[in-house]
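Reading the structure
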Number of protein chains: 2
Amino acid sequence: MTAILRGNILHTPAFGALEAIPRGYLVLEDGVIQGVYPSLPETFARCPAEDYGDALILRSFADLHLHAPQYPMLGMGMDLPLLAWLETYTFPVEARFQDPDFARVVYRALAEDLISSGTTRVAMFSSRHTDATLILMEELERAGVTGLVGKVNMDRNGGAVQEGTEESLSETLRWLEHCRFEHVKPILTPRFTPSCTDGLMEALGRLAAERDLPVQSHLSENVSEGAWVRELHPDCAQYWETYDKYGLWKKGALMAHCVHSDPREQEAMARSGVWAVHCPASNVNLCSGTALVREMLERGVPVALGSDIAGGDQLAMNRVITAAIRASKVKAMEAGGAFLTVPEAYYLGTAAGHRYFGGGAGFRAGDKLHAVVVDDSTMPPPVRELTLPERLERALYLMDKRHIRAVYSEGRRVLVRGGGDQE
Amino acid sequence: MTAILRGNILHTPAFGALEAIPRGYLVLEDGVIQGVYPSLPETFARCPAEDYGDALILRSFADLHLHAPQYPMLGMGMDLPLLAWLETYTFPVEARFQDPDFARVVYRALAEDLISSGTTRVAMFSSRHTDATLILMEELERAGVTGLVGKVNMDRNGGAVQEGTEESLSETLRWLEHCRFEHVKPILTPRFTPSCTDGLMEALGRLAAERDLPVQSHLSENVSEGAWVRELHPDCAQYWETYDKYGLWKKGALMAHCVHSDPREQEAMARSGVWAVHCPASNVNLCSGTALVREMLERGVPVALGSDIAGGDQLAMNRVITAAIRASKVKAMEAGGAFLTVPEAYYLGTAAGHRYFGGGAGFRAGDKLHAVVVDDSTMPPPVRELTLPERLERALYLMDKRHIRAVYSEGRRVLVRGGGDQE
């Protein structure tokens, strides 16, 4: 079936580039993009069109690092240092996901919050609980969120949510067996080096190779964590090697934070095709430091963005994008160099994530559509007609879910709202 | 007339202190606070009560530095350096306020946006235009926003919005003559030293003394501005002395930014009772630097917060409060020391501003009520009953206008929404 979307189309054909097609057309065949056109080709003249008027049609957001079970603690405990925060909030909260009914309520709310904020692709940590993880995947699938979810593995230093090594492995196998979702797939998730014994790491590495499974974890988030990892693995010169040693440092692995990754660690990422997931809001909230995003990009490290809730306080990725700009400005004031521009940060919060999942940098023929339609007509009255790049910038800084008119995920329209209902 | 508000009352009796009264009572007589009670005194048992149920009753927000005519450019031009930003956006946009009809549209939208975001007290820059400034004051008055507004004075280096010295003074007098508003009063507003000739500064200083008018301006926002001021006033060792020289450095003067104020300049502020208005969002967006808020407070400088739109990208003061926390964390990571806690930053964004206008640090008997009622029931489902301080923190990080149920300004309820209408 042919479908046509009309509106002001904005996307990034490459990092730092921004293309605007005023009142353009996006033509879909069964949800797959056929092309983007400034005016409608004759062939499609008779097809029904969804006209979004003066609204903006943008790539949807991709959130490549967040902790689903921390959603109930969003915006709390920000004054605590990392370890106290983990013990006061994170671990006790995660322990509650033993209860499938509680998991259902929280994960349904989270999935709806993601879609209504325009996030359609995720790489997500669950808790260690197999059943709750399956419920999470089911709720994401139902809401229209696509991507990867991992049952967390942690058999040491895990307080109330730790599991035994054998249990961790057998539950991982049970979980994988039940992962039968169309748009939400499993990703192996050793929480981070300090929470996994060598035996567990080794078994997970083997599993990743045998079943060709992707991997996600944390890397070089803060200074004391780095020291701890060196104590635990005196044979490894750097943090990343503790993953590499067990076959977990593989192409497409997602490593959250990388705040303290030095040039050698960055080069190891670039060489192996390991992704850095920059989580700017979390890094400030937890006083972790300021990641060297431009330096990583220049070294060839693939970089995407993550909300990292609940270390991050905002689920909406437009806020994470502007947080990335601010973090880069802090870095630029401190150490010189150029901050991230709006098109660059927009790329990282949208295109980079879509590319991780095999999509194009811009709206590309052959890709299933992931898009968000933004009605900015209720934003402050401008003094003149704004350019589309200006409107994109303003949307990233000011939009919230009231401005989102429609969301498309994997070719399907998963949310639509009547126009003019914004306050 | 007696009115009683019931709900979870949270306020700050002093900087850093936080008092929570679960399901408490605020008793008003003609809008004036009579007392705050954990249970209702017998005397009032027969008075009608407004029961806000489980909602939070907080001090309303006070925004002590913002540029009303920059509202149309909110969230745009953030990639530009300060001077290019002024020339591309600020000056051409401000020039449009020559047109009273345009001013009416923008200022009505701004006034409504302020109230629906819970901001009831402001100190605001208008543009140089007398008529538009009066329209701004009228619209604030109508919406229920109280405080101070200044017609801007600028007779040099002002591009399209500059005025002549004589005109600047005669228009100031004409403006003062027409300032007859109950809750919105005039404040003298030399834009900043580089935009005012010595003659204008001198005349404004005289006017401030003769009519006992308050003063607001900018101070030590960025490094190149500081160098420029030193060039213009080689006889002044420091920026603040250029105001002091003309009688504009007086008790209650509001000085925005103070990012680069050194100990000597800070001591001059403390000594004279001059306020620093910290604008954390703007300071990052424009790469101005990170203000030494705790250092200023420890030196006895009175500090309040400002959104500084449109250098700041968010009008809602809860976002400015969390930006102040983040800025202080950046400073703490860079230079050590303690960051601003949630109760401290909440104080700066609410109580400090109310104190500027003569109110108490907390809800105080004898003050007219300024409050915002926040319904947080649609926030992520928690794992256990949250404490009121936790709910305050969460509200500051997550709330937007959808969560605001009612706003009280100067004893009057200026906004009310039905419960349960949040999406």
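Residues numbered from 1 in each chain as written. Chains lettered and ligands numbered in written order. Predicted model: local features only at pLDDT ≥ 70, side-chain atom pairs only at ≥ 80, totals over all residues. Heavy atoms only, no water.

Overview of the interface of chain A and chain B
Chain A puts 50 residues into the contact, and the matching count from chain B is 50 residues. Carbon and sulfur atoms make up 61% of the surface buried where chain A meets chain B, a total of about 4400 Å² over both sides. Taken as a group, A:Asp79, A:Met333 and A:Val383 account for 15% of the area that chain A buries against chain B, more than any other trio of residues on that side. Here chain A and chain B share zero salt bridges between them. Remark: the boundary between chain A and chain B carries 18 residue pairs in polar contact (both at pLDDT 80 or more). If you list the elements that add at least two residues to the side of chain A that touches chain B, you get helix H1 (82-95), helix H2 (100-116), helix H9 (280-285), helix H11 (317-335), helix H12 (342-349) and helix H14 (388-398) of chain A. (Contact = heavy atoms within 4.5 Å. Buried area = accessible area lost by both parts, 1.4 Å probe. Salt bridge = Lys/Arg side-chain N within 4 Å of Asp/Glu carboxyl O. Polar contact = N/O pair within 3.5 Å; in protein donor to acceptor, adjacent residues only side chain to side chain. Helix = DSSP H or I, 4+ residues; strand = E, 2+ residues; numbered from the N terminus.)

Overview of the relation of the copies chain A and chain B
For the pair of chain copies, the relating operation is a rotation around an axis with a shift along it. After a rotation of 180° and a shift along the axis of 0.0 Å, chain A superposes on chain B with an RMSD of 0.0 Å. In short, the pair behaves as if placed about a two-fold rotation axis. For chain A, the residue whose C-alpha comes nearest the rotation axis is A:Val330, separated from it by 3.9 Å. (Least-squares fit on C-alpha atoms with pLDDT ≥ 70 in both.)

Quick word on the pairing of strand S7 (residues 146-150) of chain B
Residues and elements named next belong to chain B. In terms of burial, S7 is largely enclosed, as five of its five residues are buried. Pairing of strand S6 (residues 119-125) with S7, which is carried by five bridges, proceeds in the parallel orientation. Residue pairing in the sheet places arginine 121 in a bridge with threonine 146 of S7. Tracing the backbone out of S6, into helix H3 (residues 130-143) and back to the parallel element S7 gives a crossover that is right-handed. Sheet analysis places S7 next to strand S9 (residues 184-186), joined by three bridges and oriented parallel. Paired with leucine 148 across the bridge in S9 is lysine 185. (Buried < 20%, exposed > 50% of the residue type's maximum accessible area, 1.4 Å probe, protein only. Pairing = 2+ DSSP bridges. Right-handed = clockwise from strand over helix to strand, strands pointing away.)

Things to note about empty space enclosed by the protein
Counting across every chain of the model gives two cavities of 30 Å³ or more. Its volume calculated, the largest cavity comes out at about 420 Å³. Along the wall of the largest cavity there are 30 residues; nearest its centre are A:Thr322, A:Ala323, A:Arg326, B:Ala323 and B:Arg326. Those elements that place two or more of their residues in the lining of the largest cavity are H9 and H11 of chain A together with helix H9 (280-285) and helix H11 (317-335) of chain B. Counting residues per element, the lining of the largest cavity draws most heavily on H11(B), at seven residues. The class makeup of the residues in the lining of the largest cavity is 15 nonpolar, nine polar and six charged. Lining the second largest cavity are A:Pro382, A:Val383, A:Arg384, A:Leu386, B:Pro72, B:Met73, B:Met76, B:Tyr89 and B:Val93. Tallied by class, the residues present in the lining of the second largest cavity amount to eight nonpolar, no polar and one charged. (1 Å grid on protein atoms, 1.4 Å probe; cavity = no way out; pocket = protein on both sides within 12 Å on 5 of 7 lines; lining within 4 Å. Points joined across faces, edges and corners; volume = space filled by probe spheres on them. Nonpolar A, V, L, I, M, F, W, Y, C, P; charged D, E, K, R; others polar.)

What about the packing of aromatic side chains?
All names here are of chain A. For the structure shown, the criterion picks out 18 aromatic pairs over all chains. Relative to tryptophan 228, the ring of phenylalanine 192 lies with its centre 6.3 Å away and its plane at 80°, an arrangement referred to as edge-to-face. Linking phenylalanine 192 in the loop between strand S10 (189-190) and helix H5 (198-210) with tryptophan 228 in helix H6 (residues 223-232), this pair joins segments that are 36 residues apart in sequence. Taken together, a centroid distance of 5.8 Å and an interplanar angle of 20° make the contact between tyrosine 239 and tyrosine 243 stacked. Of this pair, tyrosine 239 and tyrosine 243 both sit in helix H7 (residues 239-244), four residues apart, which is roughly one turn of that helix. Accessibility assignment for this pair places tyrosine 239 and tyrosine 243 in one class, buried. Put simply, the rings of Phe97, Phe102 and Tyr107 touch in pairs and so form one group of aromatic residues. (Phe/Tyr/Trp six-rings, centres within 6.5 Å; stacked < 30°, edge-to-face > 60°.)

A short note on the side chain of A:His257
Residue and element names in this part refer to chain A. Position of histidine 257 among the secondary structure elements: in strand S12 (residues 254-257). Residue classification places histidine 257 among the buried positions, given a relative accessible area of 1%. In this structure the side chain of histidine 257 is engaged in a polar contact, spanning 3.5 Å, whose partner is the side chain of aspartate 308. When neighbours within four sequence positions are excluded, histidine 257 is seen to be in contact with His65, His218, Leu219, Glu221, Val277, Cys279, Ser282, Asn283, Ala291 and Asp308.

Considering the sheet that holds strand S13 (residues 275-278) of chain A
All names here are of chain A. Pairing within the open sheet is parallel, and its four strands lie in the order S11-S12-S13-S14. Taken across any chain shown, the strands that pair with only one partner, and hence form the sheet edges, are strand S11 (216-219) and strand S14 (303-305). The sheet shows a mean angle of 35° between the axes of neighbouring strands, direction not considered. Judged from the four bridges that link them, S11 and S12 form a sheet pairing that is parallel. By the bridge assignment for S12, leucine 219 is matched with histidine 257. This element, H11, spans S13 and S14 of the sheet and lies at about 125° to S14. (Axes fitted to C-alpha atoms, helices over the stretch in contact; angles between N-to-C directions.)

Some remarks on the nonpolar core
If you look at the biggest cluster of nonpolar residues, it comprises 247 residues, and the most contacted ones within it are A:Tyr107, A:Leu110, A:Met124, B:Tyr107, B:Leu110 and B:Met124. Sequence-distant contacts of A:Tyr107, that is, excluding residues within four places in its chain, are made with A:Ala68, A:Pro69, A:Phe97, A:Ser126, A:Ser127, A:Ala132, A:Ile135, A:Leu136 and A:Glu139. (Core = buried A, V, L, I, M, F, W, Y, C linked by side-chain atoms within 4.5 Å.)

Overview of the side chain of A:Ser117
Residues and elements named next belong to chain A. Take serine 117: it is sitting in the loop between H2 and strand S6 (119-125). On the basis of relative accessibility, which here comes to 7%, the residue serine 117 falls in the buried class. A polar atom in the side chain of serine 117 sits 2.7 Å from the backbone oxygen of aspartate 113. Excluding residues within four positions of it along the chain, serine 117 makes contact with Phe61, Ala316, Lys401 and Ile404.

Observations regarding the sheet that holds strand S5 (residues 61-67) of chain B
All names here are of chain B. Spatial ordering of the open sheet is given by S5-S6-S7-S9, a layout of four strands whose pairing is parallel. Taken across any chain shown, the strands that pair with only one partner, and hence form the sheet edges, are S5 and S9. Each adjacent strand pair in this sheet contributes to an overall mean axis angle of 20°, direction not counted. Where S5 and S6 come together, five bridges link them in parallel fashion. Looking across to S6, one finds that leucine 66 is bridged to methionine 124. Against the sheet, H11 engages S5 and S6, with an angle of about 85° to S5.

Some details on the environment of B:Cys258
Residues and elements named next belong to chain B. Assignment of secondary structure puts cysteine 258 in the loop between strand S12 (254-257) and helix H8 (263-272). Among the residues examined, cysteine 258 registers a relative accessible area of 1% and is labelled buried. Put simply, cysteine 258 and methionine 296 are 38 residues apart on the chain and 9.3 Å apart in space, counted from C-alpha to C-alpha. Residue contacts for cysteine 258: discarding those within four places in its chain leaves Leu219, Ser220, Met269, Ala276, Ala291 and Met296.

Re the pairing of strand S17 (residues 412-416) of chain A
Residues and elements named next belong to chain A. Two strands pair when backbone bridges link them, and strand S16 (residues 404-409) and S17 are joined in this way by four bridges, in the antiparallel orientation. Residue pairing across strands places tyrosine 408 opposite arginine 413, the latter belonging to S17. Counted along the chain from S16 to the antiparallel partner S17, the turn is two residues long, and its residue glutamate 410 has a positive phi close to 50°.

Description of helix H5 (residues 198-210) of chain B
Residue and element names in this part refer to chain B. Across its 13 residues, H5 extends 18 Å between first and last C-alpha, which sits within 8% of the 18 Å expected from 1.5 Å per residue. Every buried residue belonging to H5 is among Leu200, Met201, Ala203, Leu204, Gly205, Leu207 and Ala208, and all of these are buried. The inward-facing, buried residues of H5 abut strand S8 (152-153), helix H4 (165-178), strand S10 (189-190) and helix H7 (239-244). Trailing H5 by a residue or two, aspartate 212 shows a phi angle of about 50°, which is positive. (Expected span 1.5 Å × (residues − 1).)

Read these as spatial facts, not as claims about activity.
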